[in-house]
Amino acid sequence: MNRARDWLEQAEHNLRHAQASLGLGDWAWACFAAQQAAEAALKGLHLAQGQVAWGHSILDLLSELPQRIDVPEDLVEAAKILDKYYIPTRYPDAHPSGPAARHYVAREAEEAVQLAGKVLDFVRGHL
């Protein structure tokens, strides 16, 4: 269980980084850090369930949880949104032109941070 808690603690650090990026106006990085927070939290939950999880998809990490864990539909929707922030937030060639930082706005960064917070709350409730 300690390793699971380590993953959750890292997730909390990642979420704080996402929140700090909001304050800096770094919308792309806030989105990415939010995705990373959700990913780390879910990997911790998998460890707590005796599973090892690989990959970066929040949706896959949710779907691969044991069936006894009921995943609410709004968390599935959150996963679909957060998954979109894993690669294109960091790479300029993921967009038609310009650096990735030009392609994100405050509203989506704020939503990403909020959704990651929901994932962390879900994980805390199952640890």
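Look up a bit, the structure's there.
Residues numbered from 1 in each chain as written. Predicted model: local features only at pLDDT ≥ 70, side-chain atom pairs only at ≥ 80, totals over all residues. Heavy atoms only, no water.

Q: So what about the overall build of the protein? Which residues, and what values?
A: Along its length, the protein carries five helices and zero strands. Counting helices and strands in the order they occur from the N terminus, the protein gives α-α-α-α-α. Against the 2.2 N^0.38 benchmark of 14 Å for 127 residues, the protein shows a C-alpha radius of gyration of 14 Å, consistent with a compact globule. A principal-axis box enclosing the C-alpha atoms of the protein has dimensions of 45 × 25 × 20 Å. (Helix = DSSP H or I, 4+ residues; strand = E, 2+ residues; numbered from the N terminus. Rg over C-alpha atoms; globule rule 2.2 N^0.38 Å.)

Q: An account of the packing of aromatic side chains is requested, with residue identities and associated values reported.
A: This model, assessed by the stated rule, comprises three aromatic pairs. Aromatic side chains W29 and F32 sit 5.1 Å apart centroid to centroid with 55° between the ring planes, which places their arrangement in the tilted category. One end of the pair, W29, and the other, F32, are both in helix α2 (residues 27–48), three residues apart, so they sit about a helical turn from each other. Judged by its relative accessible area of 34%, W29 falls in the partly exposed class. Measuring from centroid to centroid gives 6.0 Å for Y85 and Y104, while their planes differ by 70°, and the two rings are edge-to-face. Placement of Y85 in the loop between α4 (73–83) and α5 (106–126) and of Y104 in the loop between α4 and α5 is noted, with a sequence separation of 19 residues between them. Pair check on accessibility: Y85 and Y104 agree, each one buried. Taken together through their ring pairs, the aromatic side chains of W29, F32 and Y86 make up a single cluster. (Phe/Tyr/Trp six-rings, centres within 6.5 Å; stacked < 30°, edge-to-face > 60°. Buried < 20%, exposed > 50% of the residue type's maximum accessible area, 1.4 Å probe, protein only.)

Q: I'd like a description of the nonpolar core, backed by residues and values.
A: Ranked by internal contacts, the top residues of the largest apolar core, which has 36 residues, are L42, L62, L82, F122 and V123. Of all the secondary-structure elements, those providing two or more residues to this core are α1 (2–24), α2, α3 (58–63), α4 and α5. Per-element accounting of this core gives the leading share, eleven residues, to α2. Contact partners of F122, with chain neighbours within four places excluded, come to L45, L62, L65, I69, D70, V71, P72 and L75. (Core = buried A, V, L, I, M, F, W, Y, C linked by side-chain atoms within 4.5 Å. Contact = heavy atoms within 4.5 Å.)

Q: Lay out α4 with the relevant residues and their values.
A: The set of residues buried in α4 consists of L75, V76, A78, A79 and L82. Taken down its axis, α4 places every buried residue within 160° of arc, on the same side. Buried-residue contacts for α4 involve α2, α3 and α5. (Arc of directions from axis to C-beta.)

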